[in-house]
Amino acid sequence: MTICLSSNNEKSYEQKTAWVYLINLGFYFIPLYFMGDQWLTITLAILLLIPFVIGYFWAYNNSTEQAFKPILLMLIIAIVSGFLTSGAISLFSFCCFFIGFFYSLRTAILSFIGISLLLLAIDLWVGYPGYFFTFYGMGICLGVGVFGVIEQNRQQIKRQQQQSKDEVTHLATALERERIARDLHDVMGHHLASIALKAELADKLISAGKTEQAQQQISQVSQITRDCLSQIRQTVSDYKHQGLSQTLKTLTQTLRDKSIAVTIEGQWPKLNELTESQLCLMLTELVNNTIKHSQADHCTILTQTTTDKVLLQYMENRAVKVLTEGNGLKGIKERAALLNGDVQFQLSPQFVVSITLPLIEST
């Protein structure tokens, strides 16, 4: 089994917020403040944080199979720091978190015992008063290590839920393919059989010299073909148009899967099929742009309706310095123009796309 705090392809929420937990290193600096004129010791202790932080982010981007490398680096630095400052307890706690996260409970317990013995050995060597380095360090390491175990279980449940979701999606896709195959068979099967039968009959009539009757059969073949094409177009159109409500639901979930919060405000009016389908395509393009190009972590989709217009505002909580209109944004303008609508862009303090369309209700 491979456990990884973040994906190599997409930055996960955990990876984006990894630096936050480094705030706990503040406890590392407290003893240094009271060390007075021991500038050499203070300098060495601070310099040791550089490889430690490198090891920390290395661990955040690693798998179970390779996690021992950054953990070992962090542990060595923690041991060396223990001879310089009692604040090294905080470094040991980071090691315990990653051990609890990446490895089994048995390994975590044995590692905790080993780290406790290391704390005691350093305490005895340096002579910290009252064995607080040992006992306080054991308490901190135990608590943080338990948190690592809990986080491992949470990630495992999350992966299982995602796997279940993927399985449901694959099943739904398979069922949809079966439905499409069944519908196309129902639409085309009868027509193709009729075309084959009438073509064969026309061939026999031509051979028998009954040209007029053969032409009638050929004309019927032409009519059946047109009817078949019309029904296929209608069937495909039904597949393409899943509706604004379902499209919005799908796009919202896509953003949230990328750790982008979404707020939806306003009510959609009843729209004709053309307006609704074009809005679906415009929203899809906006969401794709957010995922591919934006640094936003929150989007708002706002709808306002007047007697003759509907306003859609798509807002990202980040400003845009320079707007380059690629095919996506040009496509949005072209779709709005098709509906006699208008598109406006606001770059700061947040990026806002405002789409105004004439309100033509569904009949």
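Here the structure is shown first, and the text comes after it.
Along each chain, numbering runs from 1 in the same order as the chain's sequence is written. Residues qualify for local features only when their pLDDT is at least 70, as the model is predicted, and side-chain atom pairs are given and counted only at 80 or more; totals for whole chains, interfaces and linings, by contrast, use all residues. Side-chain measures here rest on the full set of heavy atoms in the structure, leaving out hydrogens and waters.

S.K.: Can you break down the pattern of salt bridges residue by residue, with the values?
M.R.: A pair is scored as a salt bridge if a Lys or Arg side-chain nitrogen falls within 4 Å of a carboxyl oxygen belonging to Asp or Glu. Within the structure shown, the criterion is met by 3 salt bridges. Note that glutamate 151 is salt-bridged to arginine 154, the shortest N-O span being 2.8 Å. Of the two residues, glutamate 151 and arginine 154 are both situated in helix α8 (residues 132-207); the distance of 3 residues between them amounts to about one turn of the helix. Remark: exposure states derive from per-residue accessible area (1.4 Å probe, protein chains only) relative to the maximum for the residue type, with buried under 20%, exposed over 50%, and partly exposed in between. For glutamate 151, a relative accessible area of 12% corresponds to the buried category. Classification of arginine 154 as partly exposed rests on a relative accessible area of 38%. Close ionic contact of aspartate 297 with arginine 318 constitutes a salt bridge, the shortest N to O distance being 3.6 Å. Of this pair, aspartate 297 sits in the loop between α11 (273-293) and β2 (298-305) while arginine 318 sits in the loop between β3 (309-316) and α12 (327-338); the two residues are 21 residues apart in sequence, bridging distant segments of the chain. On the accessibility criterion, aspartate 297 (36% relative accessible area) is partly exposed. Each helix corresponds to a stretch of at least 4 residues labelled H or I by DSSP, and each strand to a stretch of at least 2 residues labelled E; elements are numbered beginning at the N terminus.

S.K.: Give a detailed account of the environment of phenylalanine 29, specifying residues and quantitative values.
M.R.: Mapping phenylalanine 29 onto the fold places it in helix α2 (residues 26-33). Between the C-alpha atoms of phenylalanine 29 and glycine 87, which are 58 residues apart in sequence, the distance is 6.6 Å. Contact definition: two residues touch when any of their heavy atoms are within 4.5 Å. Excluding anything up to four places from it in sequence, phenylalanine 29 contacts Ile46 and Leu49.

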